[in-house]
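# Structural characterization, general
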Amino acid sequence: MKRIVLGVSAGIAAYKSVLLLRLLREAGHHVDVIPTGNVANFVGNATWEALSGNPVTSNVFDAVDTVNHVRLGQQADLVLVVPATADILARAASGLADDLLTGTLLATRAPVVMAPAMHTEMWQHPATVANTAVLRERGVRVIEPASGRLTGKDSGPGRLPEPDQIFESIQDLLSEPILAGRKVLITAGGTREPLDPVRFLGNRSSGRQGVALAQAARDAGAQVTLIATHLEVPAPHGVELVHASSALELREAVFAHAERQDALIMNAAVADFRPATIEGSKIKKRDEHSAPVIELVRNPDILAEIVCARGANDQLPPVIVGFAAETGDDQGSVLDYGRAKLARKGCELLVVNEVGANLTFGTDSNTVQVLFADGKPAVGAAGSKIEVARVVIGQLAAEINGHVADAK
Ligand code: CTP
């Protein structure tokens, strides 16, 4: 049984939320409904109270003795906003707290799911697009609206998905967490290899996929330590954050935190080479035409090293996941290179993604294949980075649980 807050904002699709409430209650969950003030124009409080079995108010000045505006969010295991109007997306993205629902959204540390519903023009307006991106970046699961008949005669994207589809899409949040009691160490971002006090060699990793993995692992109940190299997106709340910059610093941080973890996910894009010397002062132009030649040396392969170190240290994670950024060529496909890399690195899982000019790095979506060292058939995943992360974490949980069962 989960404690769920069902926020309802004032759109005509509020009637579908009534059916979602029924599904949640029939599945045995406790639901507190928080309608925004204008929802009463569509569905009255009597309906929400009768179907939820709990008192319902939109007003922060009701039930003040129980500090309702923070209590409901603090106690919740999950907060849903169905439907989410353009207005509530904007207010949530700005961190406003001028009614009971927005206050609850600020006070909660539980996963938040929003299902937008509005006219196509409003959904596609740059303001709504930007607000949705901010919310997603902060870890809110924003369900893509369906396309179809809208309130009037028009149709297009912006329609609230059917209640059973919404119910289906949040099953992972309603069931018992698959990584409860587990510890997961995740590296994310791209390393920077210093050249002189102002310059470095870097790469195009934004850290989005690693941050999404940290969110998905946290939502699955794991205690997550995130070693962030250079991230372009904020780290999620609810995880322990450790910083590292270069490959050598990352190696130190990984070895310092890896013991007694159930799994390590090496998602960071680690530079294979670093400048042989770090100049103590800024490298200057010596004359009109010449340019310095920079000598590079190999960085350690952290993933291969930690897999190897496990041979002598049984405290190191039994499940290690590598990532492979690959491009296919006339010698082999992305998968061929992935399988060869899995064998070379010796980890349990390898998540292979195709990279190229506009693929993967810095984008919001990803297409991957999860490869298994034990020969299980590969599992594909495609979609936003958080959707891909959930698939990877699902496979990781199965692998961890398999190891625990084998060890018994
Ligand atoms: N990795 C690492 N240390 C390195 C390089 C990579 O731990 N010095 C890890 C990455 O975090 C990732 C995996 O190894 O999980 C694969 O990285 P990738 O750069 O794709 O593979 P490489 O082994 O460097 O092979 P390639 O020659 O294809 O670049």
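Here is what the cut-offs are and how they apply
- Residues numbered from 1 in each chain as written.
- Predicted model: local features only at pLDDT ≥ 70, side-chain atom pairs only at ≥ 80, totals over all residues.
- Heavy atoms only, no water.
- Pairing = 2+ DSSP bridges.
- Helix = DSSP H or I, 4+ residues; strand = E, 2+ residues; numbered from the N terminus.
- Axes fitted to C-alpha atoms, helices over the stretch in contact; angles between N-to-C directions.
- Contact = heavy atoms within 4.5 Å.
- Parallel < 35°, antiparallel > 145°, perpendicular 65-115°, else oblique.
- Left-handed = near helix turned anticlockwise from the far one by under 90°.
- Nonpolar A, V, L, I, M, F, W, Y, C, P; charged D, E, K, R; others polar.
- Buried < 20%, exposed > 50% of the residue type's maximum accessible area, 1.4 Å probe, protein only.
- Domains from an automatic or database assignment.
- Buried area = accessible area lost by both parts, 1.4 Å probe.
- Salt bridge = Lys/Arg side-chain N within 4 Å of Asp/Glu carboxyl O.
- Polar contact = N/O pair within 3.5 Å; in protein donor to acceptor, adjacent residues only side chain to side chain.
- Disulfide = S-S within 2.5 Å.
- Phe/Tyr/Trp six-rings, centres within 6.5 Å; stacked < 30°, edge-to-face > 60°.
- Lys NZ or Arg CZ within 6 Å of the ring centre and 35° of its normal.
- Near = heavy atom within 4 Å.
- Areas by Shrake-Rupley, 256 points an atom, 1.4 Å probe, with all protein chains shown as cover.

Taken together, five strands build an open sheet; the order of strands is β2-β1-β3-β4-β5 and the sheet is parallel. Here the strands that pair on one side only, and so sit at the sheet edges, are β2 (30-35) and β5 (141-142). Note: strand β1 (residues 3-8) against strand β3 (residues 78-84), four bridges, orientation parallel. Bridge pairing in β3 places valine 5 opposite valine 79.

A few words now on the sheet that holds strand β17 (residues 349-354). Two modes of strand pairing occur in sheets, parallel and antiparallel, and in both the strands are linked by backbone hydrogen bonds. Read across the sheet, eight strands follow the order β12-β11-β8-β13-β16-β17-β18-β19 without closing on themselves; strand pairing throughout is mixed. The open sheet is flanked by β12 (240-243) and β19 (379-384), the only strands paired with a single partner. The mean angle between the axes of side-by-side strands here comes to 20°, regardless of whether they run parallel or antiparallel. Sheet topology note: the strand β16 (residues 319-326)/β17 ladder contains six bridges and is parallel. Residue pairing across strands places glycine 322 opposite leucine 350, the latter belonging to β17. The strands that helix α10 (residues 208-219) touches are β8 (183-188), β11 (223-228), β13 (263-266), β16 and β18 (365-372); relative to β8, the one it contacts most, it runs at about 165°.

The subject of this paragraph is the packing of helix α4 (residues 86-94) against helix α7 (residues 126-137). Running from N to C, α4 and α7 cross one another at 50°; their axes reach a closest spacing of 9 Å. Between α4 and α7, the angle is such that the two are oblique. Considering only the axes of α4 and α7, their crossing is left-handed. In contact with Ala86, Leu89, Ala90, Ala92 and Ala93 of α4, α7 contributes Thr128, Asn131, Thr132, Val134 and Leu135. Taken together, the residues of the contact of α4 with α7 break down into seven nonpolar, three polar and no charged.

Turning next to the side chain of lysine 341. The residue lysine 341 is located in helix α13 (residues 334-345) in this model. Its relative accessible area of 16% is what places lysine 341 among the buried residues.

Moving on, we get to the domain arrangement of the protein. Split into domains, the protein comes out as domain 1 (3-174) and domain 2 (183-407). Distance between the C-alpha centres of domain 1 and domain 2: 35 Å. Every contact between the two is made by eight residues of domain 1 and, on the other side, seven residues of domain 2. Summing the contributions of domain 1 and of domain 2, the shared interface buries around 640 Å²; its carbon and sulfur component is 47%. For the pair domain 1 and domain 2, the number of links is two salt bridges. Of the charged contacts, one joins arginine 208 and glutamate 137 as a salt bridge, the two residues approaching to 4.0 Å between their closest N and O atoms. At the junction of domain 1 and domain 2, the tally comes to zero residue pairs in polar contact (both at pLDDT 80 or more). Among the residues making up the side of domain 1 that touches domain 2, the classes are represented as two nonpolar, one polar and five charged.

For the rest of this paragraph, the subject is the state of the cysteines. If you walk through the whole model with that rule in mind, you get zero disulfides. In this structure cysteine 308 is not part of a disulfide, and its nearest cysteine sulfur, from cysteine 347, lies 13 Å away. Classification of cysteine 347 by relative accessible area gives buried; the value is 1%.

What follows concerns the packing of helix α3 (residues 68-75) against helix α5 (residues 100-107). Where α3 contacts α5, the axes come no closer than 7 Å and their chain directions differ by 50°. In terms of orientation, α3 and α5 fall into the oblique class. Where α3 crosses over α5, the handedness of that crossing is right-handed. Between α3 and α5, the residues in contact are Asn68, His69, Val70, Leu72, Gly73 and Gln74 and Leu100, Gly103, Thr104 and Ala107, respectively. A breakdown of the residues in the contact of α3 with α5 according to their chemical character gives four nonpolar, six polar and no charged.

Our next topic: the pairing of β8. Of all six residues in β8, five are buried; the element is thus mostly enclosed. Relative to β11, β8 runs parallel, the two sharing six bridges. Its bridge partner being in β11, isoleucine 186 is matched across the sheet by leucine 226. Here β8 runs beside β13; their pairing, made up of four bridges, is parallel. Bridging across to β13, threonine 187 finds its partner in methionine 266.

Take the packing of aromatic side chains next. Applying the stated criterion across every chain yields a total of zero aromatic pairs. The ring of phenylalanine 372 has lysine 376 lying over it, and the distance from NZ or CZ to the ring centre is 4.4 Å.

This part is about the pattern of salt bridges. All told, the structure shown has 20 salt bridges when counted by the stated rule. Between arginine 136 and glutamate 144 there is a salt bridge, and its shortest N-O distance comes to 2.8 Å. Across the pair glutamate 162 and arginine 159 runs a salt bridge, and its minimum N-O distance is 3.1 Å. Accessibility expressed as a relative area gives 32% for glutamate 162, which makes it partly exposed. Among the residues examined, arginine 159 registers a relative accessible area of 27% and is labelled partly exposed. Connected via shared salt-bridge partners are Asp87, Arg91, Asp98 and Asp99.

To continue, consider the site of the ligand. The full set close to the ligand counts 15 residues, and Met266, Ala268, Phe323, Lys341 and Lys345 are the nearest of them. At a separation of 3.0 Å, an oxygen atom of the ligand approaches a polar side-chain atom of aspartate 272. Note that an oxygen atom of the ligand is positioned 3.4 Å from one of the backbone N or O atoms of alanine 325. When the ligand sits alone it has 570 Å² of accessible area, and the protein chains cover 78% of it.

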